[in-house]
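If you want the building blocks of each chain, they are given just below.
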Amino acid sequence: MMFVRTYCRLLSGLMFGVFALLVPCLSAHADLGKKAEPTKVRLQLKWKHQFQFAGYYAAIENGYYKEAGLEVDLIEAAESVPPHKNVLTGRADFGIEGIELLKLYSSGHDVVMLAPIFQSTAHVIIARTDSQIHSLQDLAKKPGMINIAVAEELFLLRNGDAFNQPDRTRNHSYTLDPFISGEVAYMSAYTSNEPFLLQQLGIPFRILPNPSTMSSFYGDCLYTTGRFLQANPELAHRFVEASLKGWRFALENPDEVLQIIQRKYQTHKSQEHLLFEAQELSRLINPTLVPVGFSNPDRWEATADALLKAGVLHAPLDLTGFLYVPTSYVIPPWAIPITAASVLAATVMGIIVRKHQTVGRLLRREIAERSAAEDKLRQSELRYRLLAENASDLIWTTNTAGQITYVSPSLFPLLGYTQEQGLQMAWKDLVSQHSLDAVETHFHQTQSPDANSPRTHHSIEVLMKRCDGTGVWTEWIAHLYHDAVGDAQGILCVARNIEERRRDEKRLWAKLRYEQGLSDFAKALQLVESGRSPIEESLQHLQSTLHVSRAYIFDIIEHPDSGPCWRHLHEACAADIEPHIQNPDLQAVPFSALPHWLQTMKSGRCVQGPVASLLDPEKTMLDRLGILSIYCLPIMVDGTWFGFLGVDEYTTARVWNDAENRLLQTATDMLQLYYSRRRANKEMMKALEDLRENNRFMTGRELRILDLKQEINSLMSELGRPKKYDEA
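These figures come from a predicted structure and were not determined experimentally.

*Asks:* Got a minute to help me understand the sheet that holds strand β11 (residues 394-399) in this structure?
*Replies:* In a beta sheet, neighbouring strands are held together by backbone hydrogen bonds and run either parallel or antiparallel to one another. Spatially, the five strands line up as an open sheet ordered β12-β11-β15-β14-β13, and their pairing is antiparallel. The two strands at the open ends of the sheet, each matched to only one other strand, are β12 (404-407) and β13 (460-465). For this sheet the average axis-to-axis angle between neighbouring strands, irrespective of direction, equals 35°. Here β11 pairs with β12 via three bridges, running antiparallel. Each residue of the ladder has a partner; that of W396, found in β12, is V407. Helix α19 (residues 499-525) contacts β13, β14 (471-482) and β15 (488-497) of the sheet and is inclined by roughly 125° relative to β14.

Structure, rendered in structure tokens:
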């Protein structure tokens with residue numbers, strides 16, 4: 001007890017002495033700071049005033065820049081001038097850009113990246129839910145708007161098939177009107193902006209998943225020019241530190257900064273929009289996992305490689321001069337007495353520690369052990385949190401009642417809900433009725449006594465519900481997790497988006513089915529006609545392969561009254577579809593009754609699409625027959641128009657895809673060869689018959705001549721004269 005009192009008295013005396021030394025030094029430093037005039041610098045914003053720049057507003061409002069000896073002027077972006085031009089020309093000292101900086105650097109511009117604010121990019125592609133677009137590969141042949149001058153958006157475009165269709169991809173108008181009206185099927189967007197506006201307007205949409213290579217992309221990076229940094233290294237360091245301090249304050253106090261924006265800056269956004277923006281940017285910055293402004297050189301290398309492979313960059317980059325490395329600074333004069341006082345304090349403390357070696361050694365050992373344990377736990381938590389927060393898979397936990405207790409940020413790109421919304425939901429709220437029973441069975445198996453057995457950790461495919469009511473197919477793996485004493489606490493579940501995988505599988509099976517169907521179609525055409533014709537057998541294979549209502553062939557005939565007409569020649573129908581082969585109205589359809597078809601197919605082109613999109617009189621005729629979608633291809637035999645091959649659909653207004661187009665075109669080519677071969681065979685058989693007839697005629701004439709010769713010889717013998725002809 002006496003030792004503790006003595007230790008405390010010594011420590012108190014020591015702290016009093018150090019404080020007595022530090023007060024004059026700090027006062028002198030404060031006086032020095034008051035005398036210095038702040039240095040004026042200009043920060044070029046990336047866009048208009050909004051929460052995207054909250055950290056800089058906070059640094060100004062709270063005096064962080066002033067403490068650093070700076071007076072910062074914020075410059076709003078002009079729509080007509082790229083923001084980086086003001087930095088490169090010296091009109092601004094600092095700027096904010098994304099990976100566009102790598103494009104500028106590769107073009108020879110003198111830019112230095114100081115600190116990335118966003119750990120993930122906010123750039124995405126948004127598609128209308130009625131556009132049949134689910135991934136970047138579906139952008140082909142769809143109209144869209146995007147700013148290809150922005151590196152992130154050009155990268156997204158090059159990762160889809162849309163880059164090869166510049167005629168259908170327009171430059172971004174920065175309004176939602178073309179998207180809302182359906183003039184474009186997709187557009188580039190910022191996750192903190194357009195999703196909120198579309199939700200407010202009630203416009204259904206889906207956010208396409210970004211390529212995995214975009215996981216290394218930073219966003220909204222502070223930067224300057226190399227010449228400014230070389231001339232002002234200490235100033236740049238102070239500016240970066242004050243800015244990051246402002247961002248830490250803004251992320252911890254979003255409501256307070258939101259009021260500052262509305263009070264002091266002319267923003268076009270509502271309070272609800274700013275709050276949505278704050279929540280989304282917090283997810284992108286991820287301050288609970290990564291320090292604000294942290295930059296990983298390996299991620300920049302990976303980003304540069306991804307841009308190079310996508311063709312956004314045209315040559316490999318050496319990032320040595322691109323990434324900011326803080327330099328060492330001369331110790332200011334006012335720091336010398338503080339350092340001396342610190343050395344004195346350390347000396348006195350060393351004397352005390354040496355005097356009480358036993359207690360100090362035990363204390364250090366206990367602190368070291370506790371620190372090691374805490375560091376191990378912290379590192380473990382950091383690793384798991386790093387995996388969860390940056391995984392593209394959706395990760396969440398529930399309690400035993402099924403209420404969600406944790407959900408990863410990937411909830412928003414997958415289903416459109418924020419983390420805050422997710423924590424107010426139960427897992428059943430995220431599952432469609434289609435998959436609810438299967439998931440309950442899966443969870444029941446997970447919670448069974450042998451749930452820790454590897455064989456029960458199987459996956460299940462689940463149709464989840466997006467916030468706009470549409471569905472997305474996912475693959476789930478669930479595990480029961482326990483507390484330290486072994487009591488079950490709930491379920492840990494991982495969900496992966498398998499929409500693209502299912503589409504690939506569907507396309508593969510369709511391709512295999514189409515190839516088998518074409519093979520059967522070709523084999524049937526080679527059969528010798530007996531009973532049912534080879535054409536009807538082939539059409540039956542075509543109908544079952546395409547899953548259409550009917551497949552048929554019309555040929556062209558000359559009608560005595562109507563002139564050239566189409567005639568219903570062959571047909572194959574689905575089991576529940578009534579045949580039309582006996583319909584008298586289809587046995588002589590005049591060309592004049594279908595003028596648009598005549599013009600289209602006569603030129604060798606196909607007629608296809610939903611019947612509602614066709615023109616009259618064709619549309620009226622097909623409506624009367626109950627047909628919703630049709631596809632017809634002209635059959636040309638030896639350069640002559642023979643007729644057409646058609647398929648139609650009675651159940652849905654079907655849109656025919658590229659694989660179906662190729663299948664029907666190939667089937668038409670086979671029919672053309674079949675009819676050409678059959679026509680050649682008929683002509684050959686006729687020629688043979690004519691030859692036989694000629695042979696029969698020639699043989700009969702020779703016999704009559706021979707008989708006549710014999711009669712002449714007999715008459716000559718009766719007259720006593722020699723024979724006129726030889727007997728041979």
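*Asks:* Would you mind going over helix α8 (residues 194-201) with me for this structure?
*Replies:* Because an α-helix completes one turn every 3.6 residues, residues spaced three or four positions apart along the sequence face the same direction. Inspection of α8 places E194, P195, F196 and L198 among the buried residues, and these make up the whole buried set. Its buried side turned inward, α8 meets β5 (123-128), α7 (177-181), β8 (186-190), β9 (205-207), α12 (271-285) and α16 (411-415). A positive phi of about 75° marks G202, the residue just after α8.

*Asks:* Got a minute to help me understand the nonpolar core in this structure?
*Replies:* When a protein is soluble and globular, its nonpolar side chains tend to lie buried together. By size, the foremost hydrophobic cluster in this structure holds 50 residues, and its most contacted members are L43, Y56, F94, F239 and W247. The element contributing the most residues to this core is helix α10 (residues 233-252), with 10 residues. Judged by nonpolar contacts, the second largest core, of 38 residues, contains F155, A185, Y223 and V312.

*Asks:* Looking at this structure, I do not really get the packing of α8 against α12. What am I missing?
*Replies:* Where α8 meets α12, the closest approach of the two axes is 10 Å, and the angle between their N-to-C directions is 135°. It follows from the interaxial angle that α8 and α12 lie oblique. α8 and α12 meet at a crossing whose hand is right-handed. Judged by residue contacts, P195, F196, L197 and Q199 of α8 engage E272, H273 and F276 from α12.

*Asks:* Hey, could you run me through the environment of L235 in this one?
*Replies:* Take L235: it is sitting in helix α10. The exposure class assigned to L235 is buried, which follows from its relative accessible area of 8%. Each C-alpha atom, one on L235 and one on V41, is 9.5 Å from the other, the two residues being 194 residues apart in sequence. If we skip the residues at most four places from it in the chain, L235 touches T39, V41, L70, F94 and F228.

*Asks:* Is there a simple way to think about the pairing of β14 in this case?
*Replies:* Along a regular strand, successive side chains alternate from one face of the sheet to the other. With six bridges connecting them, β13 and β14 associate as antiparallel partners. Paired with K465 across the bridge in β14 is G471. Taking the residues that link successive antiparallel strands as the turn, the β13-β14 hairpin has five residues, and the phi of G469 there is positive, at about 95°. Sheet analysis places β14 next to β15, joined by nine bridges and oriented antiparallel. Along β15, the bridge assignment pairs E475 with R496.

*Asks:* What exactly am I supposed to notice about a negative patch on the surface here?
*Replies:* Among the surface-exposed residues, D298, E301, D305 and D318 lie close enough to one another that they form a single negatively charged patch. Judged by relative accessible area, which is 59%, D298 ranks as exposed.

*Asks:* Help me understand the pattern of salt bridges in this model?
*Replies:* Two side chains carrying opposite charge are able to pair once their charged atoms lie near each other. Using the criterion set out here, one finds 24 salt bridges in the structure. With its nearest N and O atoms 3.0 Å apart, the salt bridge here joins R128 to D130. Overall, R128 belongs to the buried group, its relative accessible area being 16%. One salt-bridge network, held together by shared partners, links E461, E475, R501, R502 and E505.

*Asks:* Help me understand the sheet that holds strand β19 (residues 607-610) in this model?
*Replies:* One open sheet holds the six strands; their spatial order is β18-β17-β16-β21-β20-β19, and the pairing between them is antiparallel. Looking along the sheet, the strands with just one partner apiece sit at the ends: β18 (589-590) and β19. Here two bridges tie strand β17 (residues 563-573) to β18, and the two strands are oriented antiparallel to one another. In the strand pairing of β18, W566 is matched with V589.

*Asks:* I'm lost on the side chain of T397 in this one. Help?
*Replies:* Position of T397 relative to the elements: it lies in strand β11. Residue class for T397 comes out buried when judged on its relative accessible area of 14%. Within the structure, the side chain of T397 is placed 2.7 Å from the side chain of T405, a separation counted as a polar contact. The residues contacting T397, other than those within four sequence positions of it, are Q403, I404, T405, Y406, Y481, I491 and L492.

*Asks:* Sorry if this is basic, but what is going on with unusual backbone geometry here?
*Replies:* The general pattern is negative phi for most residues beyond glycine and trans for most peptide bonds. Put simply, D616 and P617 share a cis peptide bond, and its omega is 10°. Turning to its location among the elements, P617 is positioned in the loop between β19 and α22 (618-625). The backbone phi angle of N286 is positive, close to 55°, even though this residue is not glycine. We classify N286 as buried; its relative accessible area is 8%. Residue H547 is not a glycine yet carries a positive backbone phi of 55°. By relative accessible area, which is 51% here, H547 ends up exposed.

*Asks:* Just to check I follow, could you spell out the packing of α10 against helix α11 (residues 254-264) for this structure?
*Replies:* Taken N-terminus to C-terminus, the directions of α10 and α11 make an angle of 105°; their axes are 5 Å apart at the nearest point. On the basis of the axis angle, α10 is roughly perpendicular to α11. Judged by residue contacts, F249, A250, L251 and E252 of α10 engage P254, E256 and V257 from α11. Along the lines of polarity and charge, the residues of the contact of α10 with α11 split into five nonpolar, no polar and two charged.

*Asks:* How should I be thinking about the packing of aromatic side chains in this particular structure?
*Replies:* To describe a pair of aromatic rings, you give the distance between the ring centres and the angle between the ring planes. Applying the stated rule across the entire model yields 23 aromatic pairs. Pairing W300 with F322 gives two aromatic rings, centres 5.4 Å apart and planes at 70°, and the pair type is edge-to-face. One end of the pair, W300, is in helix α13 (residues 297-309); the other, F322, is in the loop between α13 and α14 (335-355), with 22 residues separating them in the sequence. On the basis of relative accessible area, W300 is assigned to the buried category, the value being 0%. Ring plane angle 25° and centroid distance 5.8 Å describe the contact between F591 and W641, whose orientation is recorded as stacked. With F591 in the loop between β18 and α21 (595-602) and W641 in strand β21 (residues 640-649), this residue pair connects regions lying 50 residues apart in the sequence. Note on accessibility: F591 and W641 belong to one class, buried. In textbook terms, an aromatic cluster arises when at least three aromatic residues are bridged by ring pairs, as seen for Y552, F554, W566, F591, W597, W641 and F644.

About the criteria used
Residues numbered from 1 in each chain as written. Predicted model: local features only at pLDDT ≥ 70, side-chain atom pairs only at ≥ 80, totals over all residues. Heavy atoms only, no water. Pairing = 2+ DSSP bridges. Helix = DSSP H or I, 4+ residues; strand = E, 2+ residues; numbered from the N terminus. Axes fitted to C-alpha atoms, helices over the stretch in contact; angles between N-to-C directions. Contact = heavy atoms within 4.5 Å. Buried < 20%, exposed > 50% of the residue type's maximum accessible area, 1.4 Å probe, protein only. Core = buried A, V, L, I, M, F, W, Y, C linked by side-chain atoms within 4.5 Å. Parallel < 35°, antiparallel > 145°, perpendicular 65-115°, else oblique. Left-handed = near helix turned anticlockwise from the far one by under 90°. Patch = residues over 30% accessible without salt bridge, like charges linked within 9 Å, V, L, I, M, F, W, Y side chains within 5 Å. Areas by Shrake-Rupley, 256 points an atom, 1.4 Å probe, with all protein chains shown as cover. Salt bridge = Lys/Arg side-chain N within 4 Å of Asp/Glu carboxyl O. Lys, Arg positive; Asp, Glu negative; His and termini not counted. Charge placed at Lys NZ, Arg CZ, Asp CG, Glu CD. Polar contact = N/O pair within 3.5 Å; in protein donor to acceptor, adjacent residues only side chain to side chain. Nonpolar A, V, L, I, M, F, W, Y, C, P; charged D, E, K, R; others polar. Phe/Tyr/Trp six-rings, centres within 6.5 Å; stacked < 30°, edge-to-face > 60°.

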